[in-house]
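# Notes for the structure review
The primary structure of each chain is shown beneath.
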Amino acid sequence: EELIDKKRVITKWYKDNLSDKLKDSKLLIKGSEPVLWMNVFEVDNQVRFRKYMDANGIETRPGFNPAQNLVMLPSGTTLIKEQVLEVCRIANAYS
């Protein structure tokens, strides 16, 4: 239960702090409260975005379908809010 709560908190930090240009790609069932083990977002160019994040010291992974330009942001349960905010700051500066 503690890990599930932490995953939900991390997802909320991302949703509250990422700009609208990073579209949440999760499809949610109305009325559900999923546990997002991975925070996956759609970007305009997956390869370019991942290189940009790597150059700024943030490891990302490709989404399951690279053709859709999906990128997984750090989502481990050891993340603290300041780390997620730094990921968001860097991701939001991506152009």
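A few points on the structure. Note that the structure is a prediction, hence the values are computed from the model and not measured.

About the thresholds
- Residues numbered from 1 in each chain as written.
- Predicted model: local features only at pLDDT ≥ 70, side-chain atom pairs only at ≥ 80, totals over all residues.
- Heavy atoms only, no water.
- 1 Å grid on protein atoms, 1.4 Å probe; cavity = no way out; pocket = protein on both sides within 12 Å on 5 of 7 lines; lining within 4 Å.
- Points joined across faces, edges and corners; volume = space filled by probe spheres on them.
- Nonpolar A, V, L, I, M, F, W, Y, C, P; charged D, E, K, R; others polar.
- Phe/Tyr/Trp six-rings, centres within 6.5 Å; stacked < 30°, edge-to-face > 60°.
- Helix = DSSP H or I, 4+ residues; strand = E, 2+ residues; numbered from the N terminus.
- Axes fitted to C-alpha atoms, helices over the stretch in contact; angles between N-to-C directions.
- Parallel < 35°, antiparallel > 145°, perpendicular 65-115°, else oblique.
- Left-handed = near helix turned anticlockwise from the far one by under 90°.
- Contact = heavy atoms within 4.5 Å.
- Buried < 20%, exposed > 50% of the residue type's maximum accessible area, 1.4 Å probe, protein only.
- Pairing = 2+ DSSP bridges.

Here we come to the layout of surface pockets. Empty pockets left among the atoms are what a rolling probe the size of a water molecule brings to light. Roughly 160 Å³ of internal volume is contained in the largest pocket. The wall of the largest pocket is formed by Trp37, Met38, Asn39, Glu59, Thr60, Arg61, Met72, Leu73, Pro74, Ser75 and Gly76. When the residues that make up the lining of the largest pocket are grouped by side-chain class, the tally is 5 nonpolar, 4 polar and 2 charged.

To describe a pair of aromatic rings, one takes the distance between the centres and the angle between the planes. Under the counting rule described, the total for this entry stands at 3 aromatic pairs. An angle of 55° between the planes, with centres 5.4 Å apart, marks the rings of Tyr52 and Tyr94 as tilted. Remark: Tyr94 occurs in the segment after α3 (81-93) and Tyr52 occurs in helix α2 (residues 46-55); sequence separation between them is 42 residues. In textbook terms, an aromatic cluster arises when at least three aromatic residues are bridged by ring pairs, as seen for Phe49, Tyr52 and Tyr94.

Time to look at the packing of α2 against α3. Contact geometry for α2 and α3: axes closest at 10 Å, N-to-C directions at 130°. Here α3 runs oblique to α2, going by the angle between their axes. α2 and α3 meet at a crossing whose hand is right-handed. Across from Phe49, Tyr52 and Met53 in α2, the residues of α3 making contact are Val87, Ile90, Ala91 and Ala93.

For the rest of this paragraph, the subject is the pairing of strand β4 (residues 70-73). Look at any regular strand and the pattern is simple: side chains alternate between the two faces of the sheet. Taking every second residue as pointing to the same face, both faces of β4 are buried, with Leu70 and Met72 on one and Val71 and Leu73 on the other. Relative to β4, strand β2 (residues 39-42) runs antiparallel, the two being bridged by 4 bridges. Note that in β4 the partner of Val40 across the bridge is Met72. Both strand β3 (residues 61-62) and β4 contribute to a ladder of 2 bridges, which runs antiparallel. Note on β4: the bridge partner recorded for Pro62 is Val71.

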